[in-house]
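# Structural overview
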Amino acid sequence: MSSAAHGQVFDLGYRRYEGPRAGRKRARLAIYKDGLRAAMGLGRGGRAKVPPWLFITAMLIPAIIFALIAGAANRIAPDFDELDLPSHADYYAIAAIILLIFAAIVGPELLCSDRRDGVIHLYLVRPLTPGDYAGARWAALATIMVAAAWLPQLVLLAGLTLGDPDPGSYLAENWLDIPRFLAAGLALALYAATLAFLVASFTTRRALAAVFLVGLFLISTAVIGGVAQAVDPDVARWIVLLSISDVPLYINDLVFNNRAPASGGLAGTTGFAQRLPDVVPVVWYVGLVAVAGLIIRERYRRFTG
């Protein structure tokens, strides 16, 4: 004798959603906005807000110092044209490592936790692909990095302009610095965001990703710089391309046409790189960013949890 399966349906009071369905575009935008908030520690405790704002402050300090030096020099010796005042090109040479470390610490925050805690599964039940998720998170980090790169340059521009005896003439003579520092800052920010996401895509531990990337930046610069000083300059100009943290600075030098003086020593790895044809650092930069982006996309395309 067979018995049929029986079941009961309970009405728990849930109502069917009948509103508009925005689709993938709305989902990507939500992930992007959430990424901005997570990167800046918004909506979280005070400790989460300390790292991003600390690094933004650290980015601003060199710009403020440069502006104060320029303003003081113009007041003390306004007619002395030989003053070698700090410039927009000099700023990124000093602040680039701060931005790279900023990305190394904040970037894993946007990826590692979601995979470790399984939250990404909740995202992917929506009309959202793994590529959409990774792209929106990367765009959020890149936005923060671009703002962190540009804001100090705008502060420096204001300081240099207001510190000049004739602000109008200063802007008229130096307005080309604006598109240059915007372009160089964009290159630096995209590079930092992409490398941070590349490393974060291989681990669910934020601290491990941050330590590895910071170590990579610092050690590669020290080791490659030492090797470049010890070998023939014609060989060194190619070796310095392996200094991961200096790659965007090569682009900065090209944008600003910032060359080491012919009579002086070479300015670290950037000085050696200036001996290469201009197209080489550009192709190297684009290649690194493109390959890193493709690896990230492939890892998330195959994501299964």
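Residues numbered from 1 in each chain as written. Predicted model: local features only at pLDDT ≥ 70, side-chain atom pairs only at ≥ 80, totals over all residues. Heavy atoms only, no water.

### What about the overall build of the protein?
Secondary structure assignment for the protein yields 12 helices and zero strands. Along its sequence from the N terminus, the protein presents helices and strands in the succession α-α-α-α-α-α-α-α-α-α-α-α. Across the 305 residues that make up the protein, the buried fraction comes to 42%. Carbon and sulfur atoms make up 64% of the accessible area of the protein, which amounts to about 16900 Å² in all. (Helix = DSSP H or I, 4+ residues; strand = E, 2+ residues; numbered from the N terminus. Buried < 20%, exposed > 50% of the residue type's maximum accessible area, 1.4 Å probe, protein only. Areas by Shrake-Rupley, 256 points an atom, 1.4 Å probe, with all protein chains shown as cover.)

### Overview of the nonpolar core
With 72 residues, the main nonpolar core has Tyr91, Tyr92, Leu99, Phe102, Tyr133, Leu141 and Met145 as its most contacted residues. Tallying contributions element by element places helix H3 (residues 88–116) first for this core, with 16 residues. Not counting the four nearest positions on each side in its chain, Phe102 is found in contact with Pro52, Phe55, Ile56, Ile144, Met145 and Ala148. (Core = buried A, V, L, I, M, F, W, Y, C linked by side-chain atoms within 4.5 Å. Contact = heavy atoms within 4.5 Å.)

### Remarks on the side chain of His88
Mapped onto the secondary structure, His88 falls in helix H3. Judged by its relative accessible area of 2%, His88 falls in the buried class. Looking at His88, its side chain comes within polar contact range of the side chain of Gln153, at 2.7 Å. Not counting residues up to four positions away in its chain, the partners in contact with His88 are Gln153, Leu156, Leu157, Leu160, Asp177, Phe181 and Phe256. (Polar contact = N/O pair within 3.5 Å; in protein donor to acceptor, adjacent residues only side chain to side chain.)

### Looking at the packing of aromatic side chains
Throughout the structure, instances matching the rule amount to four aromatic pairs. Each ring, one from Tyr133 and one from Tyr300, has its centre 6.0 Å from the other, and the planes form 35°; the classification is tilted. Taken together, the positions of Tyr133 in helix H5 (residues 130–163) and Tyr300 in helix H12 (residues 279–301) put the pair 167 residues apart, joining distant regions of the chain. By the burial criterion, Tyr133 is buried, and Tyr300 matches it. In this structure, Arg299 packs its charged tip against the face of Phe202, placed 4.1 Å from the ring centre. (Phe/Tyr/Trp six-rings, centres within 6.5 Å; stacked < 30°, edge-to-face > 60°. Lys NZ or Arg CZ within 6 Å of the ring centre and 35° of its normal.)

### Regarding the packing of helix H7 (residues 177–200) against H12
Between H7 and H12, the least distance of the axes is 9 Å, while the angle of their chain directions is 35°. Crossing handedness for the pair H7 and H12: left-handed. Seen from H7, the contacting residues are Ala187, Leu190, Tyr191, Thr194, Leu195, Phe197 and Leu198; seen from H12, they are Tyr285, Leu288, Val289, Ala292, Gly293, Ile295 and Ile296. For the contact of H7 with H12, the class distribution of residues is 12 nonpolar, two polar and no charged. (Axes fitted to C-alpha atoms, helices over the stretch in contact; angles between N-to-C directions. Left-handed = near helix turned anticlockwise from the far one by under 90°. Nonpolar A, V, L, I, M, F, W, Y, C, P; charged D, E, K, R; others polar.)

### A few points about the side chain of Ser220
You can see Ser220 is positioned in helix H8 (residues 206–230). The buried category is assigned to Ser220, whose relative accessible area is 10%. In this structure the side chain of Ser220 is engaged in a polar contact, spanning 3.3 Å, whose partner is the backbone oxygen of Phe217. Residues contacting Ser220, with those up to four places away along its chain left out, are Gly215, Gly225, Leu242, Ser243, Ile244 and Ser245.

### Topic: the confidence of the model for the protein
Confidence along the protein averages 81 in pLDDT terms, with 82% of residues attaining 70 or more. For the protein, the element scoring lowest by mean pLDDT is helix H11 (residues 268–273), at 66; H7 scores highest, at 93. (pLDDT = per-residue confidence, 0-100.)

### Things to note about the pattern of salt bridges
A complete count under the given rule lists five salt bridges for this structure. Close ionic contact of Asp34 with Arg137 constitutes a salt bridge, the shortest N to O distance being 3.0 Å. In this pair, Asp34 sits in helix H1 (residues 24–40) while Arg137 sits in helix H5, placing the two residues 103 residues apart along the sequence. Residue Asp34 is classed as partly exposed on the basis of its relative accessible area of 32%. Residue Arg137 is classed as buried on the basis of its relative accessible area, which comes to 2%. (Salt bridge = Lys/Arg side-chain N within 4 Å of Asp/Glu carboxyl O.)

### Here's the deal with the environment of Leu162
Along the polypeptide, Leu162 turns up in helix H5. In this structure, the C-alpha to C-alpha distance between Leu162 and Ala70, residues 92 residues apart in sequence, is 9.8 Å.

### Concerning a nonpolar patch on the surface
Taken together, the side chains of Leu218, Ile219, Val223, Val227, Val231 and Val235 make up a nonpolar region of the molecular surface, amounting to roughly 460 Å² of accessible area. A per-element tally of the nonpolar patch places H8 first, with four residues. Looking at where Val235 falls in the secondary structure, it is placed in helix H9 (residues 233–239). When its relative accessible area of 43% is taken as the criterion, Val235 is described as partly exposed. (Patch = residues over 30% accessible without salt bridge, like charges linked within 9 Å, V, L, I, M, F, W, Y side chains within 5 Å.)

### Quick word on H7
Across its 24 residues, H7 extends 34 Å between first and last C-alpha, which sits within 8% of the 34 Å expected from 1.5 Å per residue. Counting buried positions along H7 gives 17 out of 24 residues, so the element sits mostly inside the fold. (Expected span 1.5 Å × (residues − 1).)

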